[in-house]
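Structural description and commentary
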Amino acid sequence: MAGNADALKNAQGDLRIESVTKRFGDFVAVDDLSLVVPRGSFFALLGPSGCGKTTMLRMIAGLEQPTLGRVLIGETDLTGSRPYERPVNTVFQSYALFPHLTIRDNVAFGPKRRKAADAEKQADEALALVQLSHLAARKPAQLSGGQQQRVAVARAIVNRPEVLLLDEPLGALDLKLRRQMQIELKRIQSEVGLTFVHVTHDQEEAMTMADTVAVMNEGRIEQMGPPEILYDLPRTPFVANFLGQTNLIPVTYGGRDGDWQRVSASGRTFQVAAARTNETSGALALGVRPEKVRIHETEPDGRGGLTSVIGPGTVADVSFTGVSTQYLVDVPGFGRWGVFEQNLDVERIDTRVGDTAWLSWDAGHSFVVTGGEELHAGMETIDEAAP
Amino acid sequence: MSVMAHATAAQSGAGEATAKRGGWTPYWLLLPGLLWLVVFFIVPTVQLFTVSLQSQFPDYPGYYYRDVNVGNYATAFSQFLGHFGRSLFFAGLATIFGFLLGYPLAYAMAFKAGKWRNVMMICVIAPFFTSFILRTIAWRQILADEGPVVSTLKFLHVMPENGRITETAIAVVAGLTYNFLPFMVLPIYASLERADPRLIEAGGDLYANGFTTFRTVTLPLSMPGVLAGTLLTFIPAAGDYVNAELLGSDISTKMVGNVIESQFFKVPGGFPTAASLSFTLMALILVLVMVYVRRFGTEELV
Ligand SMILES: Nc1ncnc2c1ncn2[C@@H]1O[C@H](COP(=O)(O)OP(=O)(O)OP(=O)(O)O)[C@@H](O)[C@H]1O
Ligand SMILES: [Mg+2]
């Protein structure tokens, strides 16, 4: 038994989730989920509210046991063991700082339980890392939300766990502090070499920080991979909509020409790289990211070549955001399209609402995913999640 | 709070008249409560204090004159020192037993009861629906010489053949523990119920096993409830006389409350003694409570 406890405590290696299912009564919160997080990597779990992110983390921490499946670190099976036996620490979504202890004692709590002789010193170092040394003697109630969050981070990393779970640890911070903490966390992670599993609502945060991003929906992982690949080639409409924005239109399949596939909609045919076509049967949708779309005042010459063109349409909205200008264009037969144009010039933008416009994009930039009812999946959540 | 809010509002430029009215409203609202306190607490206390210093007319038992007879206190204290000791001892024991019985009960109600929580809550409160005296008399039946407890203990040979429980200190402490148990359970339950379960999980997450988490997180979080519960048990138990009267013996288990009662109502000329006993008891409890709150109220038990 003691040997087993030591094995758990000293478990090292990749974090492995094997076919884990969690049911609460009839409700399936996590559905047959498998993944491997390589040791020392930064893994982000991204998904809308209620999709099972916290439940997943709680099963890794041991605060909840899976209904089916196993959780392992390296070759050590953690399933069934208690939270205090695992080399895993959590930064709770609600901080969960001990209100009766000072900040220093909160941070020293873990090291003290592990009988570290220099618990206080470790705590002070961890507090210095999150720039809160000057508040060490205060109680949690005397700190702002953002400061409490940083204490929660310090309290977890001070233990140098094999796996650190972060449940939306930066949610309460303002943008500047948030960026600062993102860099700080990333630095700590690469310095100490811990495995981080970072849950967030914020797609930008997930993409900037993580080596691997997993997009989760309704208890399942929709897609997982390096952020660039996920963004560049989403495999489902949900991922396309949840990770950034996408113009998605329903299309029908029209056959293959060598490296290209043809799809058509409203009497127009578009070329899509075969490698970027996830599906060729059933309801399909063609996707193009708004920043890949160009806006024209006159019809561009693109037919026949590898430039796809739609239009004429009417400009419905123009918003200048500094770095770029965003246009919304209603194109008959194709719905409302978004276009981001980088402001490379200093000339005034003379496109006005009501103007006629054509849209074009490089055929190599579009992709095809399953369409049908799922077309708008993950869309509302973008607004909801935006801070 | 609202007084302060009003004060700041007044400073930040509100008109003189409104400031005055706003400033006085809270005091008007306090008035009924204050009046009640003055008429039914302050006046009787002062009255009791003057009585405690009265002297008897020599040769006229039952007649007193106003005096500053500090001797009353000396007599009361020296004569009834044993009763004071017994009161505090019994109350202390009842508090300890109440805590030992009440904490697990409150803990179970807060964390383990699930859908049974309300049933348990009713079971804790239900005794309040019958009179305190009736319940204490019922205990006399339970602990009686021929009653279930004594016969079982005798059957098991834990108790000698001629042993008994009523008329002993055991019965009094048992009665006190029982009667004040809800006052222990409810505040502890309230503070455990309010504790964030995430904090207890965080204890586990930070390498504290079940017992250590209890010692370092759960118990300190419930300290306000423990403090309130122990005070709500100890203070009335120290002044109680019903349990000693109904469950105890005529001599060996009398508490201060019984002495005060008999000095007031049974002993001719006992008024000043009874009054000074009351005051001494009050002062004693006050000092003890202050020491206790100083020790446990502001400091953490970690
Ligand atoms: N103890 C529980 N009993 C019943 N249902 C639960 C329990 N815990 C979570 N759930 C349900 O499981 C689903 C997933 O919850 P979870 O907390 O994992 O969501 P989340 O992805 O972390 O959401 P958020 O981003 O809002 O924190 C939710 O629908 C929730 O209602
Ligand atoms: Mg959550």
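Reading guide: rules and limits
- Residues numbered from 1 in each chain as written.
- Chains lettered and ligands numbered in written order.
- Predicted model: local features only at pLDDT ≥ 70, side-chain atom pairs only at ≥ 80, totals over all residues.
- Heavy atoms only, no water.
- Pairing = 2+ DSSP bridges.
- Helix = DSSP H or I, 4+ residues; strand = E, 2+ residues; numbered from the N terminus.
- Contact = heavy atoms within 4.5 Å.
- Axes fitted to C-alpha atoms, helices over the stretch in contact; angles between N-to-C directions.
- Near = heavy atom within 4 Å.
- Polar contact = N/O pair within 3.5 Å; in protein donor to acceptor, adjacent residues only side chain to side chain.
- Areas by Shrake-Rupley, 256 points an atom, 1.4 Å probe, with all protein chains shown as cover.
- Nonpolar A, V, L, I, M, F, W, Y, C, P; charged D, E, K, R; others polar.
- Buried area = accessible area lost by both parts, 1.4 Å probe.
- Salt bridge = Lys/Arg side-chain N within 4 Å of Asp/Glu carboxyl O.
- Donors = N, O, S within 2.8 Å, 3.2 Å for Na, K, Ca; no water.
- Buried < 20%, exposed > 50% of the residue type's maximum accessible area, 1.4 Å probe, protein only.
- Core = buried A, V, L, I, M, F, W, Y, C linked by side-chain atoms within 4.5 Å.
- Domains from an automatic or database assignment.
- Lys, Arg positive; Asp, Glu negative; His and termini not counted.
- Patch = residues over 30% accessible without salt bridge, like charges linked within 9 Å, V, L, I, M, F, W, Y side chains within 5 Å.
- Charge placed at Lys NZ, Arg CZ, Asp CG, Glu CD.

1. Quick notes on the sheet that holds strand β1 (residues 15-24) of chain A
Residue and element names in this part refer to chain A.
- The antiparallel open sheet is built from 4 strands, whose spatial order is β2-β1-β4-β5. Taken across any chain shown, the strands that pair with only one partner, and hence form the sheet edges, are β2 (27-37) and β5 (76-77).
- Across 2 bridges, strand β4 (residues 68-73) lies against β5 in antiparallel orientation. Counterpart to Leu72 in the pairing with β5 is Asp77.
- Sheet strands in contact with helix α2 (residues 53-61) are β1, β2 and β4, and its direction is about 120° off that of β1.

2. Details of the site of ligand 1
Residues and elements named next belong to chain A.
- For ligand 1, the set of nearby residues contains 13 residues, the closest of which are Ser49, Gly50, Lys53, Thr54 and Thr55.
- Between Gln93 and ligand 1, the recorded distance is 3.1 Å, taken from a side-chain N or O atom to an oxygen atom.
- Interatomic distance of 3.3 Å between a side-chain N/O atom of Glu168 and an oxygen atom of ligand 1.
- Protein burial of ligand 1: of its 640 Å² of free accessible surface, 62% is covered by the chains.
- Of all the secondary-structure elements, those providing two or more residues to the shell around ligand 1 are β2 and α2.
- Counting residues per element, the shell around ligand 1 draws most heavily on α2, which supplies 3 residues.
- By residue class, the composition of the shell around ligand 1 is 4 nonpolar, 7 polar and 2 charged.

3. A closer look at the interface of chain B and chain A
- In this assembly, 19 residues from chain B lie in contact with 26 residues from chain A.
- The largest per-residue losses of area from chain B upon contact with chain A belong to Asp205(B), Leu206(B) and Tyr207(B), which jointly make up 42% of the total buried on that side.
- Viewed at the interface, chain A and chain B are joined by 1 salt bridge.
- Counting every contact that joins chain B to chain A gives 6 residue pairs in polar contact (both at pLDDT 80 or more).
- Looking at the side of chain B that touches chain A, the elements with two or more residues in it are α9 (197-205) and α10 (210-221) of chain B.
- For the side of chain B that touches chain A, the element with the most residues is α9(B), which contributes 7 residues.

4. Notes on the coordination of the magnesium ion (ligand 2)
Residues and elements named next belong to chain A.
- Distances from the magnesium ion (ligand 2) to its protein donors, Thr54 (OG1) and Gln93 (OE1), fall at 1.9 to 2.5 Å. Here Gln93 lies in the loop between β6 (88-91) and α3 (103-113) and Thr54 lies in helix α2, a separation of 39 residues in the sequence.
- We classify Gln93 as partly exposed; its relative accessible area is 39%.

5. Remarks on the nonpolar core
Residues and elements named next belong to chain A.
- The biggest cluster of nonpolar side chains holds 44 residues, and the ones touching the most others in it are Val107, Leu127, Phe196, Val213 and Val215.
- When residues of this core are assigned to their parent elements, the largest contribution, 6 residues, is made by helix α5 (residues 145-157).
- Built from parts of two domains, this core gets at least three residues from each of domain 1 (5-228) and domain 2 (238-370).
- Once residues within four sequence positions are removed from consideration, Val107 is found in contact with Ala123, Ala126, Leu127, Val151, Ala154, Arg155 and Val158.
- By size, the runner-up hydrophobic cluster in this structure holds 40 residues, among which are Leu8, Val37, Ile73 and Ala96.

6. Side note on the domain arrangement of chain A
All names here are of chain A.
- Segmenting chain A into domains produces domain 1 (5-228) and domain 2 (238-370).
- Once you take the C-alpha centre of each, domain 1 and domain 2 turn out to be 39 Å apart.
- A combined buried area of about 710 Å² lies between domain 1 and domain 2, and 80% of that area is made up of carbon and sulfur atoms.
- The tally of links between domain 1 and domain 2 comes to 0 salt bridges.
- Elements represented by at least two residues in the side of domain 1 that touches domain 2 include exactly α7 (203-209), β9 (212-217) and β10 (220-225).

7. Considerations on the side chain of Lys22(A)
- Summarising the element assignment, Lys22(A) is placed in strand β1.
- Of the side chains with opposite charge, Glu64(A) lies nearest to the buried Lys22(A), which makes no salt bridge, at 4.2 Å.

8. Quick notes on a negative patch on the surface
- Taken together, the side chains of Glu297(A), Asp345(A), Glu347(A) and Asp350(A) define an acidic patch exposed on the protein surface.
- Within the secondary structure, Glu297(A) is located in the loop between β15 (293-296) and β16 (307-320).

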